[in-house]
Amino acid sequence: MNLPHLFWFIFGCTALWKIGRLKPDAQTDMVRIIIDGPGEIGRISKQDARDVINRVEGIAVEPGGTVGLSPSGHGVVFEIPGEERDLFIAVAMQVWNMLEKWPRKKAALFEEVGGER
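Residues numbered from 1 in each chain as written. Predicted model: local features only at pLDDT ≥ 70, side-chain atom pairs only at ≥ 80, totals over all residues. Heavy atoms only, no water.

Enquirer: I would appreciate a short explanation of the pairing of strand β9 (residues 107–113) in the present structure.
Expert: Side chains on a regular strand alternate between the two faces of the sheet. Of all 7 residues that make up β9, 6 are buried, and the element is covered over most of its length. Sheet analysis places strand β2 (residues 15–25) next to β9, joined by 7 bridges and oriented antiparallel. Within the sheet, the bridge partner assigned to K18 lies in β9 and is F110. (Buried < 20%, exposed > 50% of the residue type's maximum accessible area, 1.4 Å probe, protein only. Helix = DSSP H or I, 4+ residues; strand = E, 2+ residues; numbered from the N terminus. Pairing = 2+ DSSP bridges.)

Next comes the structure, spelled out in structure tokens:
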């Protein structure tokens, strides 16, 4: 049984399902955005991931989409156009930890369940 992770204290009463991972690629210095099942849906550079944590705006995801810090600063929000899903969230502290312990650590990737975006 797969239960949602509840991050109401971070995201304002939003339930999030873990649907994938952010994985470091040490050979290319890229962060791979991977969803369970379909696989890799995008990439950002290690430096771009650091810039997101430092609140830099306008960062693109390869091959399409954007990434930015949530208004609260606790989430990294990926907007990637797709057939079924387009909005993914990673906990900013996990992304920071992944960057600090490069390339040994990963970060979880979540999808919002219900509610307004």
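Enquirer: Quick question: what am I supposed to make of the nonpolar core here?
Expert: L22, V67, V76, F78 and V95 are the most contacted members of the largest nonpolar core, which totals 23 residues. When residues of this core are traced back to their parent elements, those giving at least two are β2, β3 (30–35), α2 (46–53), β7 (75–79), β8 (87–91), α3 (92–100) and β9. Not counting residues within four places of it along the chain, the set of residues in contact with L22 comprises V31, R32, I33, F78, A90, V95, M98, K106, A107 and L109. Membership of the second largest hydrophobic core comes to 5 residues, among which are L16, I89, V91 and A108. (Core = buried A, V, L, I, M, F, W, Y, C linked by side-chain atoms within 4.5 Å. Contact = heavy atoms within 4.5 Å.)

Enquirer: When you look at α3 in this model, what are you seeing that I'm missing?
Expert: Every α-helix carries 3.6 residues per turn, so stepping three or four residues along brings you back to the same face. Restricting attention to buried positions, one finds in α3 the residues A92, V95, M98 and L99. On an axial view of α3, the arc spanned by its buried residues comes to 120 degrees, and they lie on one face. (Arc of directions from axis to C-beta.)

Enquirer: Looking at this structure, I do not really get the packing of α2 against α3. What am I missing?
Expert: A pair of packed helices can be characterised by two numbers: the angle between their axes and the separation between those axes. α3 packs onto α2 with a crossing angle of 140 degrees between their chain directions and a minimal axis gap of 10 Å. Regarding the angle of α2 to α3, the classification is oblique. For the crossing formed where α2 meets α3, the hand is left-handed. The segment α2 lies against α3, with K46, A49, R50 and I53 engaging A92, V95, W96, L99 and E100. In terms of residue class, the contact of α2 with α3 is built from 6 nonpolar, no polar and 3 charged. (Axes fitted to C-alpha atoms, helices over the stretch in contact; angles between N-to-C directions. Parallel < 35°, antiparallel > 145°, perpendicular 65-115°, else oblique. Left-handed = near helix turned anticlockwise from the far one by under 90°. Nonpolar A, V, L, I, M, F, W, Y, C, P; charged D, E, K, R; others polar.)

Enquirer: In this structure, what is going on with the side chain of S70? I would like to understand it.
Expert: You can see S70 is positioned in the loop between β6 (66–69) and β7. The exposure class assigned to S70 is buried, which follows from its relative accessible area of 7%. Excluding residues within four positions of it along the chain, S70 makes contact with R55, G75 and V77.

Enquirer: Before we go on, may I ask you to explain the environment of A60 in this structure?
Expert: With respect to the helices and strands, A60 occurs in strand β5 (residues 59–60). Separated by 17 residues in sequence, A60 and R43 have C-alpha atoms that sit 9.2 Å apart. If we skip the residues at most four places from it in the chain, A60 touches I44, D48, G65 and T66.

Enquirer: Which parts of the structure should I look at to understand the pattern of salt bridges?
Expert: Note that side chains of opposite charge can pair when their charged atoms are close. All told, the structure shown has 4 salt bridges when counted by the stated rule. Between R43 and D25 there is a salt bridge; the shortest N-O distance is 3.3 Å. On the criterion of sequence distance, the pair formed by R43 in strand β4 (residues 39–45) and D25 in strand β2 is long-range, its members being 18 residues apart. One exposure class covers both R43 and D25, and it is buried. Note that E40 and R32 form a salt bridge whose closest N and O atoms lie 2.6 Å from each other. Several salt bridges share partner residues, and in doing so they unite D25, R32, E40 and R43 into one network. (Salt bridge = Lys/Arg side-chain N within 4 Å of Asp/Glu carboxyl O.)

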